[in-house]
Amino acid sequence: MSSKFGNKVMTANEAVKQFVAKDSVVGIGGQTTGRSSMVLAHEIVRQGISNLTLVGCSMSVSMDLIVGAGLANKTECGTGNVEMFGTTFAWRRAIEQGKLVSKDYSHLSMGLRFLAGSLGIPFIPIKSMLGTDLLEQRSEKESKDIVISEDPWNPNTPVVLLKALSPDVSIIHAQLSDETGNVVIEGFTTHDVEMAKASKRVIISCEKIIASDEIRRRSDRTTIPYLYVDAVIEQPWGAYPTSCYRYYEHDSAHFRHYQSCAKDGGNKYEEYLNLYIRGTRDFNEFLSKASNAKDLINLQKSMQELV
Amino acid sequence: MNLFTLDELMVIEASRYITNGDVVMVGTGLPMVASLLALKSHAPDMCYVVETGPVAPDVIPTPTSVADARVMHRSVTNGSLIGALGGILHRGLADVGFIGGAQIDQFANVNSTVIGNYSNPKVRLPGSGGANDIASHAKKILIITRHELRRFPLYCDYITSPGYIDGPEGRKNAGIPVPYPDIHVVTNLSVMSINKTSGKLTLSKLMPGISKETVLSNTSFNPDSGIPLQEVAPASEQELKTLRDEVDPKGIYIKRV
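Just so you know, the residues in each chain are numbered from 1, in the order the chain's sequence is written. Labels follow written order: the first chain is A, the first ligand is 1, and so on. Restriction of local features to residues with pLDDT of at least 70 applies here, the model being predicted, together with a cutoff of 80 or more for giving and counting side-chain atom pairs; totals for whole chains, interfaces and linings are based on all residues. Each side-chain value is worked out from all heavy atoms of the structure, with water and hydrogens disregarded.

Draft legend 1. Focus on the overall build of chain A. By definition, any uninterrupted DSSP run of H or I lasting at least four residues is a helix, any uninterrupted run of E lasting at least two residues is a strand, and each is numbered from the N terminus. A tally of regular secondary structure across chain A gives 12 helices and 13 strands. Within these notes, the globule rule equals 2.2 Å times the number of residues to the 0.38 power, and the radius of gyration is based on C-alpha atoms. Computed over its C-alpha atoms, the radius of gyration of chain A comes to 19 Å, within 12% of the 19 Å expected for a compact globule of 307 residues. By principal-axis analysis of the C-alpha atoms, chain A measures approximately 60 × 50 × 40 Å. Each residue is assigned to one of three classes by its accessible area relative to the maximum for its type, calculated with a 1.4 Å probe on protein chains only: buried under 20%, partly exposed between the two thresholds, exposed over 50%. Counting over 307 residues, chain A shows a buried share of 61%. Contacts were defined at the residue level, with two residues in contact if any of their heavy atoms lie within 4.5 Å. Considering only residue pairs separated by 6 or more positions, chain A has 75% of its internal contacts joining residues 24 or more positions apart. Under the convention used here, a 1.4 Å probe and the Shrake-Rupley method define accessible areas, while residue burial counts only the protein chains that appear. By element, 48% of the accessible surface of chain A is carried by carbon and sulfur atoms, the whole surface being about 11,800 Å². Here chain A contributes 34 positively and 36 negatively charged side chains, and the mean placements of these two sets differ by 2 Å. Positive charges come from Lys and Arg alone, negative charges from Asp and Glu alone, with His and the N- and C-terminal ends not counted. Charge placement uses NZ in Lys and CZ in Arg. For Asp and Glu, CG and CD serve respectively.

Draft legend 2. A look at the nonpolar core. Remark: nonpolar core denotes a set of buried residues (Ala, Val, Leu, Ile, Met, Phe, Trp, Tyr, Cys) joined through side-chain atoms within 4.5 Å. If you look at the biggest cluster of nonpolar residues, it comprises 111 residues, and the most contacted ones within it are Leu-162 of chain A together with Val-11 of chain B. Take this core: its biggest share by element is 8 residues, from helix α2 (residues 30-40) of chain B. The contact partners of Val-11 of chain B, leaving out residues within four places of it in the chain, are Leu-30, Val-33, Ala-34, Leu-37, Ile-144, Leu-243 and Ile-254 of chain B. Among the nonpolar cores identified, the runner-up in size contains 60 residues, and Ala-15, Ala-94, Leu-100 and Ile-171 of chain A belong to it.

Draft legend 3. Spatial organisation of the packing of aromatic side chains. Residue and element names in this part refer to chain A. When the centres of two rings from Phe, Tyr and Trp lie within 6.5 Å, Trp using its six-membered ring, the rings pair. Their planes under 30 degrees apart give stacked, over 60 give edge-to-face, and anything left gives tilted. Across all of its chains, the model carries 11 aromatic pairs over all chains by this definition. Where Tyr-240 meets Phe-286, the ring centres are 6.0 Å apart and the plane angle is 55 degrees; that geometry is what we call tilted. Of this pair, Tyr-240 sits in the loop between β13 (231-234) and α9 (252-264) while Phe-286 sits in helix α11 (residues 283-290); the two residues are 46 residues apart in sequence, bridging distant segments of the chain. Taken together, the ring pairs connect Tyr-240, Tyr-258, Tyr-269, Tyr-272, Tyr-276, Phe-283 and Phe-286 into an aromatic cluster. Consider the ring centre and the ring normal. A charge sits over the ring if Lys NZ or Arg CZ is within 6 Å of that centre and within 35 degrees of that normal. Directly above the ring of Phe-188 sits Arg-35, whose terminal nitrogen or CZ lies 5.2 Å from the centroid.

Draft legend 4. Region of interest: the domain arrangement of chain A. Residue and element names in this part refer to chain A. These domain boundaries are the output of an automatic or database domain assignment. Domain annotation of chain A identifies domain 1 (12-122 + 167-304) and domain 2 (125-135 + 142-163). A separation of 30 Å is found between the C-alpha centroids of domain 1 and domain 2. Taken together, the contact pairs 11 residues of domain 1 with 10 residues of domain 2. Taking both partners together, domain 1 and domain 2 bury about 870 Å²; carbon and sulfur atoms supply 59% of that area. When two parts are put together, the accessible area they lose, computed with a 1.4 Å probe and summed over both, is reported as buried area. On the domain 1 side of the contact with domain 2, Lys-103, Tyr-105 and Arg-113 bury the most area, a combined 45% of that side's loss. Within this document, salt bridges are pairs made up of a side-chain nitrogen of Lys or Arg and a carboxyl oxygen of Asp or Glu, the two lying within 4 Å of each other. Inspection of the region where domain 1 meets domain 2 yields 2 salt bridges. Counted as a polar contact is a pair of N or O atoms within 3.5 Å, where, for protein atoms, one must be capable of donating a hydrogen and the other of accepting one, and residues adjacent in sequence contribute only when both atoms are in side chains. On inspection of domain 1 and its partner domain 2, the count reaches 2 residue pairs in polar contact (both at pLDDT 80 or more).

Draft legend 5. Up close: the interface of chain B and chain A. Taken together, the 51 residues of chain B in the interface contact 52 residues of chain A. Taken together, both faces of the contact between chain B and chain A bury some 3,900 Å²; the carbon and sulfur share is 58%. At the junction of chain B with chain A, the criterion picks out 2 salt bridges. Of the charged contacts in the structure, one is a salt bridge between Arg-124 of chain B and Asp-104 of chain A, with a shortest N-O distance of 2.7 Å. Gly is placed with the polar residues, together with every amino acid not listed as nonpolar (Ala, Val, Leu, Ile, Met, Phe, Trp, Tyr, Cys and Pro) or charged (Asp, Glu, Lys and Arg). Class assignment of the residues belonging to the side of chain B that touches chain A gives a composition of 23 nonpolar, 21 polar and 7 charged.

Draft legend 6. Molecular detail of helix α5 (residues 107-119) of chain A. Residues and elements named next belong to chain A. Expected span of a helix, by definition, is 1.5 Å for each gap between consecutive residues, and there is one gap fewer than residues. Helix length check: α5, at 13 residues, gives a terminal C-alpha distance of 19 Å against a target of 18 Å (1.5 Å per residue), a fit within 8%. Where burial is concerned, most of α5 is hidden: 10 out of the 13 residues are buried. Along α5, the residues classified as buried are His-107, Leu-108, Ser-109, Met-110, Gly-111, Leu-112, Arg-113, Phe-114, Ala-116 and Gly-117. Directly beyond the C-terminal end of α5, a positive phi value near 70 degrees is found at Gly-120.

Draft legend 7. Inspection of the pattern of salt bridges at higher detail. All chains considered together, the criterion is met by 29 salt bridges over all chains. Here Lys-268 of chain A ties to Asp-264 of chain A by a salt bridge, and the two come within 3.3 Å at their closest N and O atoms. For Lys-268 of chain A, a relative accessible area of 33% puts it in the partly exposed group. Here Asp-68 of chain B ties to Arg-70 of chain B by a salt bridge, and the two come within 2.9 Å at their closest N and O atoms. Connected via shared salt-bridge partners are Glu-76, Lys-103, Arg-113 and Asp-145 of chain A.

Draft legend 8. Spatial organisation of the environment of Ile-176 of chain B. With respect to the helices and strands, the residue Ile-176 of chain B is situated in the loop between α5 (170-174) and β9 (182-186). Along the primary structure Ile-176 of chain B and Cys-156 of chain B are separated by 20 residues, whereas in three dimensions their C-alpha atoms are 19 Å apart. If we ignore the near neighbours within four places in the chain, the residues touching Ile-176 of chain B are Leu-130 of chain A together with Ser-136, Pro-162, Ile-165 and Arg-171 of chain B.

Draft legend 9. Region of the structure containing α11 of chain A. Residue and element names in this part refer to chain A. Turning to α11, its buried residues are Phe-283, Glu-285, Phe-286, Leu-287 and Ala-290. Tucked into the core, α11 has its buried residues touching α2 (38-47), α9 and α10 (266-278). Among the residues of α11, the N-terminal cap falls to Asp-282, whose side-chain oxygen and the backbone nitrogen of Asn-284 are separated by 3.3 Å.

Now the structure itself:
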């Protein structure tokens, strides 16, 4: 049954083709080992959309893949990090080799830049980063996005002004959505809600599409209302190998495999991209190559024990 | 006496700086292990806050990251990054902030961004994450790291998170909301704490069996102020049992004897 708000359901291929253009600023949802839209990151790599600027808070393997495929030339974030599995190695190498410009912020600074974007205000004050190189060591080109000013109500008290950030398009994975884009995120939301509301376009991948009636009967669960959403992709396991709260645990084995390829770089990394992404039609084919039914069931069971 | 490693005692000693009832903003890695130990032992009513959003979870050992379902277990809310780092930390409600870092200098400034030059890095590190926010706004800052010469330079290559910047008034002059916090750096060799008169780290405790000379030869600045040094209290049976059986049962973060 279609809704009066319009059915936005499409494939990842169609959504990325339609909404992610070359030179875009792309908002990356999720954090480290949790709830990253791997299905949409894969599709960006598969379609080879280049010259991207990737923005987020703690950016994980979804960012690392796009950087490693040579499709991004700038990131703005708090960190590139997979915590216990190490750093984001393709990102790190690209910065060290001068192929990628990293604009560093604190996490709250990034969150507030999205919040400002979501409210339609041009900038927002913060009292983080004062006295540190996050303010001092910025090139002329990038310094314009941060200004040290004075609190108008407390003379001689410095305050940092952050420019609002509105990505051209954001890619976010959620547990549930209806076909019009009323989205339910379960567990931590990190910066995803503010980023979605700040973005000009939003693509949601989700574990399951539910009826709009189900949204309306329990609307207190709606995390992002349909107004902000342009495309909805139903992709079970769409965050794999990162976790999806209440659905499945992260897959440590695949994380370690990816990290070893990313750390080595060169041919080994190209082989990963070719085997799992460029050489697959879609995310389901990736899943069948990267894992097996038994292991996936174990990741589901493992999550059930934690919630 | 109980048999324990200095890595274990480092985590145990760090956990002792958390008081029951404290609101604690926790990163990952060793800060997480030490905070979890406090939660499971002497500080059951501490409010464990995770930057991804979760507040007061009953953490299941042993989380791999701040996005792990283990840090959301039975939380009072799973919240958002702005709710945690903004509504709790920036708002001034965090009693303790707990971070790690690749370099810690004489003023307790922390570098987690880059070794070498920022625009031409030798090694690019993960970056601030929530660490800058935590070090700017928590009332007490705990730093935990293994004690190696390269980790304790005179000056950081890059200041990611503020200690006392360049002296006793450094934070105040920069306009940081908490101008004079307590800062403790707990390592596998010693504990160094901020002297608020000099704004510098001062050696206050030695780990059992570690000489002052060992600490000094592994530190590029001189943290010795001549004050009498205490020895870190050994690990109690209960502390060890909780750490080994409940906090890190698989030895993921802390290797066993």
